[in-house]
Amino acid sequence: MTELKVQGSGGYVIADLTDEQAKKADLGVGKLFLAPIGKIETEKMLKHYCNNCETEFDNPPKIQLEESPNEEVADNLILIERGQYVCEKCNSIIGEYREFQKKGEIGNARPSE
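What you see is a predicted model, and the numbers here were worked out from it, not measured in a lab. (Residues numbered from 1 in each chain as written. Predicted model: local features only at pLDDT ≥ 70, side-chain atom pairs only at ≥ 80, totals over all residues. Heavy atoms only, no water.)

Draft legend 1. Local environment of the overall build of the protein chain. Within the protein chain, the regular secondary structure consists of one helix and eight strands. The order of helices and strands in the protein chain, counted from the N terminus, is β-β-α-β-β-β-β-β-β. Here the protein chain holds 113 residues, and the buried ones make up 31% of them. When contacts within the protein chain are restricted to residue pairs at least 6 apart in sequence, long-range pairs at least 24 apart make up 44% of them. Carbon and sulfur atoms form 44% of the exposed surface of the protein chain, whose accessible area is close to 7,100 Å². (Helix = DSSP H or I, 4+ residues; strand = E, 2+ residues; numbered from the N terminus. Buried < 20%, exposed > 50% of the residue type's maximum accessible area, 1.4 Å probe, protein only. Contact = heavy atoms within 4.5 Å. Areas by Shrake-Rupley, 256 points an atom, 1.4 Å probe, with all protein chains shown as cover.)

Here is the structure:
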């Protein structure tokens, strides 16, 4: 795990990321981004900065669940959760996340064929 700065549209989060999460967050422009990672566990987020408040906080942002649509967005791909990282002080959105699941997967297990 590595402590990294991950950008959102309304600020950033400092989080302990796995190598896999860091690879997902790297879009090749020299910064890491929240959206491609998916939901980061609260205990892995150490700090957050809000562009609206212009303040860095020494704890994780709030996570606000927007919806759990369970809708198929592509062949074999289901959007299971959509949410936002929100400033603890002013409730501005720091970034958003999406959690996807491939059809037939349950957690990390896959049914045998």
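Now that the structure has been shown, the text picks up again.
Draft legend 2. Representation of the side chain of His-48. Following the sequence through the fold, His-48 ends up in strand β3 (residues 45-50). One polar contact links the side chain of His-48 to the main-chain carbonyl oxygen of Asn-59, over a distance of 2.7 Å. Leave out the neighbours within four places in its chain, and His-48 touches Tyr-12, Val-13, Thr-55, Glu-56, Phe-57, Asn-59, Pro-60, Pro-61, Cys-87, Glu-88 and Ile-94. (Polar contact = N/O pair within 3.5 Å; in protein donor to acceptor, adjacent residues only side chain to side chain.)

Draft legend 3. The nonpolar core, seen in detail. Membership of the largest hydrophobic core comes to 16 residues, with the highest contact counts inside it found for Leu-34, Ile-40 and Tyr-85. Ranked by the residues each element gives to this core, the list is headed by strand β2 (residues 11-17), at three residues. (Core = buried A, V, L, I, M, F, W, Y, C linked by side-chain atoms within 4.5 Å.)

Draft legend 4. The arrangement of the confidence of the model for the protein chain in detail. On average, residues of the protein chain carry a pLDDT of 88, and 89% of them reach 70 or more. Between residues 108-113, whose pLDDT stays under 50, and residues either more than four places distant or in other chains, the model counts five contacts. (pLDDT = per-residue confidence, 0-100.)

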